[in-house]
Amino acid sequence: MITLAGGIAIIFGTNLGATTGIWLLALAGQSVSLSPVAIPMLVFGILLGFFGGQPKAVGRILVGVALIFMGIDAIKSGFGAFGGQLDFASLNFSPTLEVLTFAGIGFLLTCVLQSSHATLILTLTALASTQITIPQAFAIAVGSNLGSSATTAIMGMISSERAGQRLALAHLIFNGVTALLTFVLWMPMTTIVDAIAELANFPPLIQLALFHTLFNVFGIAVFWRWQGNLANRPLSKLPQLKIINRRN
């Protein structure tokens, strides 16, 4: 239905769109509860589900969004119940080891939860309760991006045809290189976020959303001229891909 180049462009768009979701979660994590909005949406969605055609489709969308909103509040309250039992902020790490460790935590959480948003919901909740520091939260955000592309790549290489496999691998390359460049430019990027936060008086949750937006926009800017090359140049053939292609 779409070309490989179009699929790669969609990946860029989803990464950028995910940053807007984190802004919403950050605002919700400060003082706003989404449950009062979710319950009416859930009721109207169920009622629309009794009709056919487009009203039923709209009802399903409303139910899905309402469940997401209710899930956000449930995860926030559940994670907040730990209180001071989880206190990563008091751990002593060297700066490099801290970044790599918490990036690995973000990667593993996303692979288990199958959602970078779910990982970032937990991160926002932990940050709001001062269980983690802002640099630790930044590192988890980078790891969650990498984890989402890794799970996509695995599923794409197992179940897709050649074009789908290449798209999954392009997603992995894009997020992997973006994460690597973010680690290389860690000090300048965090300094920029700190400067903007100080000028605008941003709280920690908004700082995390700002950093998430910054490194994703940076990755898109770097790869924008390369998307044609990713689509047109043949990628390396992995042994698993050869086996799958023979079976097909």
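Residues numbered from 1 in each chain as written. Predicted model: local features only at pLDDT ≥ 70, side-chain atom pairs only at ≥ 80, totals over all residues. Heavy atoms only, no water.

Chemist: Describe the overall build of the protein chain, naming the residues involved and giving the relevant values.
Modeler: Tallying secondary structure elements over the protein chain gives 11 helices and 0 strands in all. Ordering the α and β elements of the protein chain from the N terminus gives α-α-α-α-α-α-α-α-α-α-α. Across the 248 residues in the protein chain, those meeting the buried criterion constitute 39%. Summarising the internal contacts of the protein chain: among those between residues at least 6 apart in sequence, 77% fall at separations of at least 24. (Helix = DSSP H or I, 4+ residues; strand = E, 2+ residues; numbered from the N terminus. Buried < 20%, exposed > 50% of the residue type's maximum accessible area, 1.4 Å probe, protein only. Contact = heavy atoms within 4.5 Å.)

Chemist: Could you give me a rundown of the packing of aromatic side chains, with the residues and numbers involved?
Modeler: Throughout the structure, instances matching the rule amount to 6 aromatic pairs. Ring geometry for Phe12 and Phe174: centres 4.8 Å apart, planes at 50°, overall tilted. With Phe12 in helix H1 (residues 4-30) and Phe174 in helix H7 (residues 162-184), the pair connects residues that are 162 residues apart, well separated along the chain. According to the relative accessible area criterion, Phe174 is buried, its value standing at 1%. Plain terms: the ring middles of Phe174 and Phe223 are 5.2 Å apart, the flat faces sit at 85° to each other, and that makes the pair edge-to-face. Placement of the pair is Phe174 in helix H7 and Phe223 in helix H9 (residues 204-223), with a sequence separation of 49 residues. Grouping residues by exposure puts Phe174 and Phe223 together as buried. An aromatic cluster is built from Phe138, Phe183, Trp186, Phe211 and Phe215, whose rings are joined through pairwise contacts. (Phe/Tyr/Trp six-rings, centres within 6.5 Å; stacked < 30°, edge-to-face > 60°.)

Chemist: Account for the nonpolar core, naming residues and giving values.
Modeler: Looking at soluble globular proteins, one finds that nonpolar side chains tend to be buried together. By size, the foremost hydrophobic cluster in this structure holds 29 residues, and its most contacted members are Trp186, Leu208 and Phe211. Where this core is concerned, the elements lending two or more residues are H1, helix H4 (95-113), helix H5 (116-128), helix H6 (134-159), helix H8 (186-200) and H9. Examining the composition of this core, we find that 7 residues originate from one element, H9, more than from any other. Ignoring anything within four residues of it in the chain, the contact list for Phe211 reads Phe138, Val142, Thr182, Trp186, Met189, Thr190 and Val193. Listed in part, the 8 residues of the second largest apolar core include Ile11, Phe12, Ala170 and Ile220. (Core = buried A, V, L, I, M, F, W, Y, C linked by side-chain atoms within 4.5 Å.)

Chemist: Give me the packing of H5 against H9: which residues, what numbers.
Modeler: When two helices pack together, their arrangement is captured by the angle between the axes and the distance separating the axes. One way to put it is that H5 packs onto H9 with a least axis distance of 9 Å and a crossing angle of 145°. The two elements H5 and H9 cross, and the hand of that crossing is right-handed. On the side of H5, the interface is formed by Leu120, Thr123, Leu124, Leu127 and Ala128, while H9 contributes Pro204, Leu205, Leu208 and His212. Among the residues making up the contact of H5 with H9, the classes are represented as 7 nonpolar, 2 polar and no charged. (Axes fitted to C-alpha atoms, helices over the stretch in contact; angles between N-to-C directions. Left-handed = near helix turned anticlockwise from the far one by under 90°. Nonpolar A, V, L, I, M, F, W, Y, C, P; charged D, E, K, R; others polar.)

Chemist: I'd like a description of unusual backbone geometry, backed by residues and values.
Modeler: Phi at Asn201 is positive, roughly 60°, even though this residue is not glycine. Looking at where Asn201 falls in the secondary structure, it is placed in the loop between H8 and H9.

Chemist: Mind laying out H9, listing which residues take part and the relevant values?
Modeler: In this model H9 runs 29 Å from its N-terminal to its C-terminal C-alpha over 20 residues, within 8% of the 28 Å that 1.5 Å per residue would give. Across the 20 residues that make up H9, a large majority, 14, are buried. (Expected span 1.5 Å × (residues − 1).)

Chemist: Report on the UniProt feature "transmembrane region" (unreviewed entry) in the protein chain, specifying residues and quantitative values.
Modeler: According to UniProt, the positions carrying the feature "transmembrane region" (unreviewed entry) are residues 7-26, 32-51, 58-79, 99-127, 167-186 and 206-226. The annotated region residues 7-26 carries 100% helix and 0% strand content, and the separation between its end C-alpha atoms amounts to 29 Å. Segment residues 206-226 splits into 86% helix and 0% strand. End C-alpha atoms: 31 Å apart. (UniProt positions renumbered as here; feature names shortened; annotations may be inferred.)

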